[in-house]
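In case you want the letters, here they are:
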Amino acid sequence: GMVGYGFSNAVGFHVLVGGPVRYRIYQAAGLDAGDVGRIVGISFLTFCGGLMAVAGASLLLDPVGIPALSFLSPADDRLLGGALLLLLAAAIVWLSRRTRNVSLLGWSFPLPTAASAVGQILVGAIDIGSAAAALYVLLPPDVAPGFSVFLLIFVAAIIASVISHAPGGLGVLEATI
């Protein structure tokens, strides 16, 4: 994963570069395409779950609202944050009912158990929160917004970086923040 991520960030086009690099590495270890797809899928779900958890918590817990969302009131911010967290909770409850599989192009991908999904979401949220905190402490105090506002901006910057396909999100993350 680290090598695939490194190549993806260096070259850009994350979806087109990271998958084949991971496939070559995992194939050499004896895994087939289905196994590689499962590994990449689990990484993707961990990342997305962490983003949703951080964004939801930021919106829900900020007492004054998010200035970038000035068209929404602080109460609306909290409702949106609660809705994101409820969506994650509903997914966990759905996973807890029974073993789940998703079939795509003839391959079957088992979804994680509820306990595993909670662990993945926590790992993703800690990863994103830690990266944001490392950048947040470097901001001058006179321009730094509250940490929950910064977390939401950081999540938006990460999403914009991934969508841009710019190598390493170069310029996109910085411009967003």
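My aim in this report is to walk through the structure given alongside it, one point at a time. (Residues numbered from 1 in each chain as written. Predicted model: local features only at pLDDT ≥ 70, side-chain atom pairs only at ≥ 80, totals over all residues. Heavy atoms only, no water.)

1. Focus on the overall build of the protein
A count of helices and strands for the protein gives seven helices and two strands. Ordered by position from N to C terminus, the α and β elements of the protein give α-α-α-α-β-β-α-α-α. The 177 residues of the protein split such that 31% are buried. Considering only residue pairs separated by 6 or more positions, the protein has 46% of its internal contacts joining residues 24 or more positions apart. Of the roughly 10,400 Å² that the protein leaves accessible, carbon and sulfur atoms contribute 74%. (Helix = DSSP H or I, 4+ residues; strand = E, 2+ residues; numbered from the N terminus. Buried < 20%, exposed > 50% of the residue type's maximum accessible area, 1.4 Å probe, protein only. Contact = heavy atoms within 4.5 Å. Areas by Shrake-Rupley, 256 points an atom, 1.4 Å probe, with all protein chains shown as cover.)

2. Brief notes about the packing of aromatic side chains
Under the definition given, this model contains three aromatic pairs. With a centroid separation of 5.4 Å and an interplanar angle of 50 degrees, the aromatic rings of Y136 and F150 are classed as tilted. With Y136 in helix α5 (residues 114–136) and F150 in helix α6 (residues 147–164), this pair connects stretches of sequence that are 14 residues apart. Grouped by ring-pair contacts, the aromatic residues Y136, F147, F150 and F154 constitute a single cluster. (Phe/Tyr/Trp six-rings, centres within 6.5 Å; stacked < 30°, edge-to-face > 60°.)

3. Observations concerning the packing of helix α3 (residues 33–61) against α5
α5 packs onto α3 with a crossing angle of 65 degrees between their chain directions and a minimal axis gap of 7 Å. Between α3 and α5, the interaxial angle falls into the category roughly perpendicular. Between α3 and α5 lies a crossing whose hand is right-handed. On the side of α3, the interface is formed by I42, L45, T46, F47, G49, G50, L51, A53 and V54, while α5 contributes Q120, I121, V123, G124, A125 and I128. Counted by class, the contact of α3 with α5 contains ten nonpolar, five polar and no charged residues. (Axes fitted to C-alpha atoms, helices over the stretch in contact; angles between N-to-C directions. Parallel < 35°, antiparallel > 145°, perpendicular 65-115°, else oblique. Left-handed = near helix turned anticlockwise from the far one by under 90°. Nonpolar A, V, L, I, M, F, W, Y, C, P; charged D, E, K, R; others polar.)

4. Digging into the pairing of strand β1 (residues 101–104)
Pairing of β1 with strand β2 (residues 107–110) involves four bridges; the strand directions are antiparallel. Bridge pairing in β2 places N101 opposite P110. Where β1 folds back on β2, the antiparallel hairpin that results is connected by two residues, among which L105 adopts a positive phi of roughly 55 degrees. (Pairing = 2+ DSSP bridges.)

5. As for the environment of N101
You can see N101 is positioned in strand β1. Between the C-alpha atom of N101 and that of P112, which follows or precedes it by eleven residues, the distance is 8.9 Å. Here N101 is in contact with S108, F109, P110 and L111, once residues within four sequence places are set aside.

6. Topic: helix α4 (residues 74–97)
Compared with an ideal rise of 1.5 Å per residue, which puts 24 residues at 34 Å, α4 spans 35 Å between its outermost C-alpha atoms and is within 8% of the ideal. Where α4 is buried, its residues meet α3 and α5. (Expected span 1.5 Å × (residues − 1).)

7. Topic: α5
Given 3.6 residues per turn, any residue in an α-helix points the same way as the ones three and four places further on. Over its 23 residues, α5 runs 32 Å from end to end, which matches the ideal 33 Å to within 8%, given 1.5 Å per residue. For α5, the full list of buried residues reads A114, A117, Q120, I121, G124, A125, I128, G129 and A132. Here the buried face of α5 lies against α3, α4 and α6.

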